[in-house]
Every structure is written in C-alpha cells, then in structure tokens.
Amino acid sequence: MAAVAVLVGASVGPAGSAAAAGSYGYLKPGGQPRLVEKVPVNVVFIGYEPQQVGKKAFLGELAGGYEPVVRSRLNYGVTEKLGITYKYDYKLTYADRKYEDRFFRQLTKLAKPADLTTFQQAYNDQENNVLDIANNNVIDAPSVEKWLAYNAPAGVDTRRNTVFFINWYGRSDFKHHVYTKTGEPDPDTGYDFGVNRASRKMIAWGGTTADDEETGLGSTRRIWFHDLSAGPESWTSNYDVDNRDLDGDGIEDYRMPPTWEYAAGGYRAPAALAGDLGKITRYVALNLLFTTSPLYPVELPAAEPPKSLNIDDNTYEGWPGVNASEEYTTPALLKAELAELRWRNRLSYDTQDLPYDAKAEQCYLGAAATEESCYPETGFPAFANLYLYNRENLDRALDDEGKVDYEIPLFNYAVGEGVPTPGLGVADDDYVTGTQSYVFSFISPEVVAAGYGLTTTQIHEVGHHLGMSHPHDGYDSATGVDYGPANEFYYVNAGDENNSMMSYIDVNWDFSQFDRDNNDRFLTAAYWEAANRLAAQVPAGKGRTALKAADALLGGASKAFAAHEYRIAYALAEKAYGTVAAIPGVDAAGLATTLKAEADQSRRTTDLHSPHEFIDTLAPDSPRSQP
C-alpha cells in the first residue's frame, strides 16, 4: 500500500491544478482512458551469432507499438479500442561464449536420454530432411525457465518481458532434445498429457507465475524461451519439410523449421533466419503473450463493473448411467484458478442439473450434428441453438439475482457414446454485437477417453468469457489483422507452449503471468472508462471534491501503469470509479443500462454471425488431437 500512496501523492499536483481550472489531468468525462506504457522487450540470443541473426533484419519485422481492441467486436465490423497504447522499447543481447557455455552445461545436466518422439521419427522419414536424428533427450521445461529467469546475461532484467532464442545446434556438446512439462494431469480423469502424448513434447516454454502451485518461480518474472534446435515437433508441424501446404488449400503454411534446415539445400535459406525470429517475436511473443487484445469486453455485460461473481454451473445430464456433474467436475479448482485471474472479485459457486428433455436434446443435436435450427424463425445459425435455448430458459439457471453483481452462466452437455460433441467447449457471444453470452462445455465417453473431464474446459472457457484470448490467435494492431494458426501465420501455434490455461497444450491448468498482466491492464482501462462515463453525468457544480479525488487516483493509476505496476493501476482505477459512483445523484446502474442499449442499437446488424472460430475444437486434424 505504500507504493499506492506514493503514486497517488505524485499525481496530486498536476491533477489538482487542472481541476482548479475547471478541467482534469486524467479524468475525461465521457471519454476514453489515456493509458500509455513504454514496454521493455528484451530479446536474448543464445547460440545465435550476429552474423546469423542480423539486428537490422530482425528489427525490420517488428512494430513500434500496439493498441489493443476487443476482438469479438471485429466480427461485427466494429473496432473498439481500450484506450491503451503500448510503445515497445527493444533491447537485443547476443550472449557471449562464457554465458553460452554455462547455459548449455545446464541443458546437458538436465537432459535425460529418451526414445525419439513420433514426430522426430516422422522428420527422419521425410524425403528432403537435411539430417537424420539418431538419439533424443528430454529436458524439463520449467527447470530451464527458472534457470533463465535467475541467470540472465548482465543487463537483462527478466522482471520485464524477455524472449530467449536458443540454438544449441553446431556446438560440440549438442544433443538432440525436446522439452517436457509433466506432473499436472487432468484433475477429473488423471490423464497426464505431458507424459502420454508425443505431441506435447515442445520447443518453447515460459509465462510461469511466482506462485504457480507446481513450478512457481518464487518471484515475478516474465520470460518465454524458444529453441529451434529442439524437436522437431508436432505443435507447429515443423517436422514436415516435404510439404509447404499442409492443408491443401493452395497457400503455404508458414513454419519455422529446425535450425539445421536454414541451410543451402535446406527447407529455408540461412538469410531468412533473422526475419523468422522477428516474426515469432512480433506475432507470437508480443501480440499473443506479452501485450494482447481481449477476446471479449472485460467489464462484462453487467449494469456496473461487478465486484462479486457467481460461477453458475448447470449440467444437462444426457449420458446414460453417469452423473457427469459429480464425476467430471472439480469445483474447488475451477474457483481457485479463476480467483487468481480475477483477484479483486469475490467469487462464489453453485451447481445444479438441468433436464435433458426432448427440446434440449433437439437443440443440442441441431447444433452438434444435424445443423438444423430449432429456432428457424430467428434467422440465427444452427449453432446458435444452445444460446437461444438457454436464453429462453435462463431464469431456471441463474438463481442468485440480487445476491451477486454478475452470474457467469455455465452450461455443460453430457451425452452418451456415439453422440457427437461440437468440441470441448465454447465461450459464446450474442450473435448480434459480439458481447459474451454463455459458456458451454461438452463431455462424452469419447471426450473422457481422450483425457478430458469438464473442469479444465470450464476454466478455459470462463477465461474467454472474462476476456482472455488464446495464445495461438490474436490481433496485430499495426496492420489491423486478426489472425490464427493458418497459412502465413501457421507458426503462431508456438504461443501455446507457455504456462497458460488459455493454451491448447494441456500440460497445465493455470493462468500465466502474461494472462495476469494483460487482465490487470484491461481492467484498469475498463474502470477508468467507467469513471469517465459517470463523471459526464455529474450535475454542473456538484461533486467537485470527489471528482478531484478521482482525478488524482487516475493520475496514480496512469503512473503505476507506466511503471509496469499493473495491479496497483487496476486497484487505483477501480477506486476512482467508486469515488465518482458515490457522488449523490449519480445513477451508475441507470447510466450503464442506457449506454448498453445505445451501444447495442449502434452495433445491431441483420448480418448475423457465427463464432465458430472461438470453438475449442477436438477435430482430428487439430494439434490437440495428435498422439
């Protein structure tokens, strides 16, 4: 709290003088926040020399800054900015020989002999591979992350966003290797994807929090490492050096091959290496990990920014002989993980089973199998069946009105053997404005056989509902492009290889340090904008003292944000909102309702949309389904 006092005190001077002149330094009635952060970005090359990765070619791929937007609105033709501007401050470090020797001695110490993975063998079977892999080693990814976090080269502060690009290949002590993360099985099935799946043997890792229950770093660090001398691997399909177009659509699926394939006669020319590492930095590390855009509005569709959240868990029990809500949910874990992300909210949980009657089944099967709408008169697509059916029956599900500020509506569908599921889950929108609506999760004998219960899907989907994006898809603000792992951006699947619940990698069930940072930034902006909106409603000459106090608090939030103290910034912005909301005569709930109605009307369109790109799939060709 001392830091809060210092930051607020530092802002009183300019804010107070502005207020005396009839304006404010930070509070902008009716306007957007003005949050600016100069974001330090350390890039450390270990085993790459300047002649391999030229500074000019590398930096030429990078953007100077970033402005996050609400991604779900883009589907409806609306670019909704948050009022945040990031300005990147790049610092490149080429590790010297002494440091490289230390690091690779550590990798050698951690390496344990192992059989070739399925995908290393697949690489050997390629017609155009540069070399054959004769042996393999597994290396514990969290151990490497921790070593790097506390043993960075001189001048590199790993408390700030840091990418380590690793190349072991070419040294006399080189060992073929992959990275693993094990020991965190699915809480409902006990299946450990990190142990049992070759597709979870990785080439990158990072994002672990200080307090992660399994592999916590002990203090806050922000690192992600990427090693093209590891693998090859399944997740980015860089084992396939014969086929440039993996899905047959006539467009190259751009991937970064193993280091040794950057060679004359290899998959890619050596001169392309610097640009490729630049692409990974921009389109993975920056856009998808360090400084992301929210999938949905983080303020949630509530009358006011909510303090208390109820996780309202409802299950349609359509799996004969199985009580899925008892056998395949772990409520304590669900609540605990979400509380780590929404640390200033009070979370509660309740559960009930709902009847899987004829109408419920008709609507489910229409969405999952037959593609037949059970509400054809609406003109909505068949997949909207689940949204429309549960909207029609919402009163029986949400039962805490007046007790909490916002209920997060979860609907689980448990179905029997042979009945299709649309995927693992989806955090749906309203098909009109891009506002989040309900969370759907699916379970069946086949889903369980694949290793999944309901809990991890629920954590992931509620994460979406609260605004979090995948680390394999996102938005590039310099070009205005929203992208995912396909065609020219196929390689961005690498973003999944980090300690985030929003990943598909399935080796951890926590939100990453990057998730926490971005969530706190987004909420800082949301509360600031809410305070601005309320300030515009204050009658002339009223609430002057409170408005000055709110302005001072926002000044503190601005300074904390710029100093990368995101939790402090969030807390101060929330307090500023509360200060304005407490002014007599301010109708926060009424204003929010009016603003929502106006926004809905302005965004309303007859061109209804489908959120299929946000379905968390188990399609046979998806990375998640590989052995």
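Just so we're clear, the structure is a prediction, and the values are computed from it rather than from any experiment.

Cut-off values and rules
- Counting restarts for each chain: residues are numbered from 1 in the order of the written sequence.
- With pLDDT at 70 or above as the cut-off, local features in this predicted model cover only qualifying residues; side-chain atom pairs require 80 or more to be listed or tallied, and sums for whole chains, interfaces and linings still use all residues.
- The basis for every side-chain value is the complete set of heavy atoms in the structure, and neither hydrogens nor water enter the calculation.
- Any two strands are treated as partners once DSSP identifies two or more bridges connecting them.
- Helix and strand assignments come from DSSP, with helices taken as H or I runs of at least 4 residues and strands as E runs of at least 2, each series counted from the N terminus.
- Note on contacts: a residue pair qualifies if any of its non-hydrogen atoms lie within 4.5 Å across the two residues.
- Note on definitions: angles span 0 to 180 degrees between N-to-C directions of axes, and those axes are lines fitted to C-alpha atoms, for helices only across the stretch in contact.
- Any two cysteine sulfur atoms within 2.5 Å of one another count as a disulfide.
- The buried label applies to any residue whose accessible area, calculated with a 1.4 Å probe on protein chains only, is under 20% of its type's maximum; exposed applies above 50%, and partly exposed to all values in between.
- Planes of paired rings set the category: under 30 degrees apart is stacked, over 60 is edge-to-face and the rest tilted, where pairs are Phe, Tyr or Trp rings (Trp by its six-membered ring) whose centres lie within 6.5 Å.
- Consider the ring centre and the ring normal. A charge sits over the ring if Lys NZ or Arg CZ is within 6 Å of that centre and within 35 degrees of that normal.
- Between N or O atoms, a polar contact is any pair within 3.5 Å; within protein, one atom must be a potential hydrogen donor and the other a potential acceptor, and residues adjacent in sequence are included only when both atoms are from side chains.
- A carboxyl oxygen of Asp or Glu within 4 Å of a side-chain nitrogen of Lys or Arg is what we treat as a salt bridge.
- Side-chain atoms within 4.5 Å link the members of a nonpolar core, which is a set of buried Ala, Val, Leu, Ile, Met, Phe, Trp, Tyr and Cys residues.

K.L.:
Talk me through the sheet that holds strand β6 (residues 162–166); I want residue IDs and the actual numbers.
P.N.:
If you trace the six strands from one edge of the open sheet to the other, you get β2-β3-β1-β6-β9-β8, paired in mixed fashion. With partners counted over all chains shown, the strands left at the sheet margins are β2 (65–66) and β8 (204–206), one partner each. Inspection of the sheet shows strand β1 (residues 35–46) paired to strand β3 (residues 84–94) by eleven bridges, in the parallel sense. Each residue of the ladder has a partner; that of Lys-38, found in β3, is Lys-87. On the sheet, helix α4 (residues 97–110) packs against β1 and β6 and is oriented at approximately 80° with respect to β1.

K.L.:
Lay out the pairing of strand β5 (residues 136–140) with the relevant residues and their values.
P.N.:
Bridging between strand β4 (residues 112–114) and β5 involves three bridges; their strand directions are antiparallel. Following the sheet pairing, Lys-112 is matched in β5 by Val-138. Judged from the three bridges that link them, β5 and strand β7 (residues 178–180) form a sheet pairing that is parallel. Residue pairing in the sheet places Asp-140 in a bridge with Thr-180 of β7.

K.L.:
Tell me about the state of the cysteines, and name the residues and values.
P.N.:
Applying the stated criterion across every chain yields a total of one disulfide. Paired by a disulfide, Cys-363 and Cys-374 hold their sulfur atoms 2.1 Å apart. Taking the sign of the torsion about the S-S bond as the criterion, the disulfide between Cys-363 and Cys-374, at about 115°, is right-handed. Highlighted residues: Cys-363 in helix α11 (residues 358–370) and Cys-374 in the loop between α11 and α12 (385–392), separated in sequence by eleven residues. Since its relative accessible area comes to 1%, Cys-363 is described here as buried.

K.L.:
Now, about the packing of aromatic side chains: what can you tell me, with residues and values included?
P.N.:
The way to describe two aromatic rings as a pair is by their centre distance and the angle between their planes. For the structure on display, the rule yields 44 aromatic pairs. Ring geometry for Tyr-413 against Phe-442: centres 6.2 Å apart, planes inclined by 35°, an arrangement best described as tilted. Of this pair, Tyr-413 sits in strand β12 (residues 406–415) while Phe-442 sits in strand β14 (residues 436–443), and the two are 29 residues apart along the sequence. Like Phe-442, Tyr-413 is buried. Between the aromatic rings of Tyr-483 and Phe-489, the centroid separation amounts to 4.4 Å while the plane-to-plane angle is 25°, which identifies the pairing as stacked. Phe-489 matches Tyr-483 in its accessibility class, with the two residues each being buried. Positioned above the aromatic ring of Tyr-570 is the side chain of Arg-344, whose terminal nitrogen or guanidinium carbon lies 5.7 Å from the ring centre. Positioned above the aromatic ring of Tyr-566, the side-chain terminus of Arg-521 is 4.3 Å from the ring centre.

K.L.:
Explain α12 residue by residue, including any values.
P.N.:
In terms of burial, α12 is largely enclosed, as six of its eight residues are buried. What α12 keeps buried is the set Asn-385, Leu-386, Tyr-387, Leu-388, Tyr-389 and Asn-390. The secondary structure elements touched by the buried residues of α12 are β10 (308–318), α11, α13 (394–397), β12, β13 (425–429) and β14.

K.L.:
Break down the pairing of β10 for me, with residues and values.
P.N.:
Most of β10 is tucked away: ten of the eleven residues are buried. Across nine bridges, β10 lies against strand β11 (residues 346–354) in parallel orientation. Note that in β11 the partner of Asn-310 across the bridge is Ser-348.

K.L.:
Summarise the side chain of Thr-433; cite the residues concerned and give the values.
P.N.:
Relative to the helices and strands, Thr-433 resides in the loop between β13 and β14. Within the structure, the side chain of Thr-433 is placed 2.7 Å from the side chain of Asp-430, a separation counted as a polar contact.

K.L.:
Any details on the pattern of salt bridges? Residues and values, ideally.
P.N.:
Inspection of the entire model under this criterion finds 23 salt bridges. The closest approach of N and O atoms between Arg-282 and Asp-476, which form a salt bridge, is 2.8 Å. Residue Arg-282 is found in helix α8 (residues 273–290), and its partner Asp-476 is found in strand β15 (residues 474–476); the two are separated by 194 residues along the sequence. Owing to a relative accessible area of 2%, Asp-476 belongs among the buried residues under this scheme. Through salt bridges with shared partners, a single ionic network connects Arg-97, Asp-101, Arg-171 and Asp-173.

K.L.:
Any chance you could break down the environment of Ile-459 for me, citing the residues and the numbers?
P.N.:
Among the structural elements, Ile-459 can be located in helix α15 (residues 455–465). On the accessibility criterion, Ile-459 (0% relative accessible area) is buried. Ile-459 sits 117 residues away from Ala-576 along the chain, and the two C-alpha atoms are 30 Å apart. Every residue in contact with Ile-459, bar those within four places of it in the chain, is listed here: Leu-333, Leu-334, Glu-337, Leu-338, Met-501 and Phe-511.

K.L.:
Tell me what's going on with the nonpolar core, and back it up with residues and numbers.
P.N.:
Ile-46, Phe-103, Leu-148, Trp-224 and Leu-277 are the most contacted members of the largest nonpolar core, which totals 115 residues. Residue contacts for Phe-103: discarding those within four places in its chain leaves Ile-46, Val-144, Trp-147, Leu-148 and Ile-166. In terms of nonpolar packing, the next biggest core, distinct from the first, is built from 28 residues, Ala-368, Phe-380, Tyr-389 and Tyr-438 among them.

K.L.:
Quick rundown of the side chain of Asn-412? Include the residues and the values.
P.N.:
Summarising the element assignment, Asn-412 is placed in strand β12. Given a relative accessible area of 1%, Asn-412 falls into the buried group. Polar contacts involving the side chain of Asn-412 include one to the side chain of Thr-315, which spans 2.9 Å. Setting aside anything within four residues of it in sequence, one finds Asn-412 in contact with Asp-313, Asn-314, Thr-315, Tyr-316, Ser-441, Leu-454 and Gln-458.

K.L.:
Pulling in residues and values, what's your account of the sheet that holds β4?
P.N.:
Within the open sheet, the three strands sit side by side as β4-β5-β7. Their pairing is mixed. Lying at the two open borders of the sheet, with one neighbouring strand each, are β4 and β7. Pairwise comparison of adjacent strand axes, ignoring direction, gives a mean angle of 45° for this sheet. Packing against the sheet, helix α6 (residues 141–150) makes contact with β5 and β7, and its axis sits at approximately 60° to β5.

K.L.:
Describe the environment of Ser-512, with residues and values.
P.N.:
Looking at the element boundaries, Ser-512 is found in the loop between β16 (481–483) and α16 (513–535). Expressed as a C-alpha distance, the spacing of Ser-512 and His-564, which sit 52 residues apart in the sequence, is 16 Å. When sequence neighbours within four positions are dropped, the list of residues in contact with Ser-512 reads Gly-207, Thr-209, Asn-498, Asn-499 and Ser-500.

K.L.:
So what's going on with unusual backbone geometry? Which residues, and what values?
P.N.:
The peptide bond linking Gly-231 to Pro-232 adopts the cis configuration, its omega dihedral lying at 0°. Locating Pro-232 in the fold gives a position in the loop between β9 (223–227) and α8. Of note in this structure, Ser-237 is not a glycine but carries a positive phi near 55°. Its place among the elements puts Ser-237 in the loop between β9 and α8. One non-glycine residue, Glu-371, lies in the positive phi region at around 60°. Mapped onto the fold, Glu-371 is located in the loop between α11 and α12. In this structure Glu-371 comes out as exposed when scored by relative accessible area, which is 66%.

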